[in-house]
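# Remarks on the overall topology
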Amino acid sequence: MTPTKSDPLPTPSPSSSTRTGFNIPADTCVVERLTAWNALRTTEQNAASQLGYNECSWNIFYTNDIEDKPWSDLSFMQITLATSLGFDENSWDCWQNHYGSYTWSELQLKGVAKCYEDLGWSESAWLGLTTQPDTDTKLFSALTNSEKDAAECLCFPEPVWDQEVLGTEKFGVDYCDEIPATVEASDTLCSAMTIWGTPCSPIRYNRYSTLNFFQRGAAVNNLGYSKESWNNVTETTAAESIAYESLSFQQLAGAIVLGYILEESWDCYQHHYADYTWDNLDEAFVQDCAVALGYDEDMWNSGAVSPLEEVEFASLTSQQKQAAECMCYFESIWEGDTLDGGLFDDSFC
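Small disclaimer: the values here were computed from a predicted structure and weren't measured.

### Quick word on the overall build of the protein
What the protein contains, in helices and strands, is 19 helices and zero strands. For the protein, the residues scored as buried account for 47% of the 349 residues in total. The contacts in the protein between residues at least 6 apart in sequence include a share of 61% that link residues at least 24 apart. Total accessible area on the protein stands at roughly 17,100 Å², and carbon and sulfur atoms take up 49% of it.

### Comments concerning the state of the cysteines
Across all of its chains, the model carries five disulfides by this definition. Across a sulfur-sulfur distance of 1.7 Å, Cys-115 and Cys-153 are joined as a disulfide pair. You can see Cys-115 sitting in helix α6 (residues 113-118) and its partner Cys-153 sitting in helix α8 (residues 145-153), a full 38 residues away along the chain. For Cys-115, a relative accessible area of 2% gives the class buried. Cys-200 shares a disulfide with Cys-349; S-S distance 1.7 Å. Measuring the twist about the S-S bond at about 130°, one finds the Cys-200-Cys-349 disulfide to be right-handed.

### Points about the confidence of the model for the protein
Overall, the prediction assigns the protein a mean pLDDT of 85, with 85% of residues at 70 or greater. Counting interchain partners and residues more than four positions distant, the pLDDT-below-50 stretch residues 1-6 has 16 contacts. In the predicted structure, residues 10-20 sits below a pLDDT of 50 and forms 22 contacts with residues beyond four places in sequence or in another chain.

### Considerations on a nonpolar patch on the surface
A contiguous nonpolar patch, built from Phe-213, Phe-214 and Val-257 and spanning about 390 Å² of accessible area, is present on the exposed surface. With respect to the secondary-structure elements, Phe-213 resides in helix α11 (residues 213-222).

### Some remarks on the packing of aromatic side chains
Applying the stated criterion across every chain, the model contains 24 aromatic pairs. Here the aromatic rings of Trp-37 and Trp-58 are separated by 6.4 Å at their centres, their planes lie at 65°, and the arrangement is edge-to-face. One end of the pair, Trp-37, is in the segment before α1 (42-50); the other, Trp-58, is in helix α2 (residues 55-59), and 21 residues separate them in sequence. Judged by its relative accessible area of 0%, Trp-58 falls in the buried class. Here Tyr-269 and Phe-330 contribute two aromatic rings whose centre-to-centre distance is 6.2 Å and whose plane-to-plane angle is 10°, an arrangement assigned as stacked. Taken together, the positions of Tyr-269 in helix α14 (residues 263-270) and Phe-330 in the loop between α18 (318-326) and α19 (331-335) put the pair 61 residues apart, joining distant regions of the chain. On the accessibility criterion, Phe-330 (11% relative accessible area) is buried. Cluster of aromatic residues (ring-pair linked, three or more members): Tyr-205, Tyr-269, Phe-330, Phe-344 and Phe-348.

### What about unusual backbone geometry?
A positive phi angle, near 55°, is found at His-98, a position not held by glycine. Looking at where His-98 falls in the secondary structure, it is placed in the loop between α4 (89-96) and α5 (104-110). When its relative accessible area of 4% is taken as the criterion, His-98 is described as buried. Non-glycine residue His-272 carries a positive phi angle of around 50°. Relative to the elements of secondary structure, His-272 occurs in the loop between α14 and α15 (278-283). Of the residues examined, His-272 reaches a relative accessible area of 9% and is grouped as buried.

### What about the side chain of Asp-267?
For Asp-267, the position within the fold is in helix α14. Buried within the structure, Asp-267 lacks any salt-bridge partner; its nearest side chain of opposite charge belongs to Arg-204, at an N-O separation of 13 Å. Apart from residues lying up to four places away in sequence, Asp-267 is in contact with Ala-243, Tyr-244, His-272, Tyr-273 and Tyr-276.

The rules behind each value
Residues numbered from 1 in each chain as written. Predicted model: local features only at pLDDT ≥ 70, side-chain atom pairs only at ≥ 80, totals over all residues. Heavy atoms only, no water. Helix = DSSP H or I, 4+ residues; strand = E, 2+ residues; numbered from the N terminus. Buried < 20%, exposed > 50% of the residue type's maximum accessible area, 1.4 Å probe, protein only. Contact = heavy atoms within 4.5 Å. Areas by Shrake-Rupley, 256 points an atom, 1.4 Å probe, with all protein chains shown as cover. Disulfide = S-S within 2.5 Å. pLDDT = per-residue confidence, 0-100. Patch = residues over 30% accessible without salt bridge, like charges linked within 9 Å, V, L, I, M, F, W, Y side chains within 5 Å. Salt bridge = Lys/Arg side-chain N within 4 Å of Asp/Glu carboxyl O. Phe/Tyr/Trp six-rings, centres within 6.5 Å; stacked < 30°, edge-to-face > 60°. Lys, Arg positive; Asp, Glu negative; His and termini not counted.

As structure tokens, then:
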């Protein structure tokens, strides 16, 4: 019988004693979900694609919006596709949703409220009425033994909790009845853009002379552009040196008029993450891109410039080009082509 929200899981009680083995709930593990994208069969990749996954969002857990849905909210087609990947209601709600969409009473009926309680949650915190616990911000290694057991009973083993990438050595542990296929990590660099398809604003790549009255006003009066700095996309203005969340009300209004409705769009295409800390880059899934461009934590946080930034785009390796693009440095932007010079290629937008 397919489990429902009212069927409690046969999970062991979290313990604070020395940990031996794992506390993963029985009969929930789906080998395919712990298999890297490039090791999936073509039919499995096709099914995952129809569920909204691409290589990056598959290899990095909880970056696909469908994981916010419990099994009961999936459409018939989504259930069919998920079933073909080995899921049932029990395994989906644990490994994909981690019961995050359940009400507190449903967590209690399922028998997993105690696991959330051991991670510091209460019913009032779950409802957003009191402060949420800080366990969500900790690495798995910083959790107590009892918190680690609690995380695993919610299908958060260490690499899933820490949002490690499938196909890397962190997933070399057998959490299922069989070990997923061992594969070399993909060369694909995952970033906000490759996961969610961070959209750019075509308005930004129109010549200054083609902007309408409102767009020109937003550019000049709100964001401090001149005709020359607008057409020279690599000439950083004061506004471009500021992350979206730190823009003033006036600057934000101008950014929205110019098509920057999403924080991710501004911070990638305009700001290029310049004001981010090294840890912020990791949270935005672009730290690996910075590494591929020659940066490490000390260089980035000190404001040093990588020697690779002086190299012509055509001379970069394929991975370095991919890294540049994942930080929204496409060839014409990297090379400093101007909008009114006839060479700017805006096909990326």
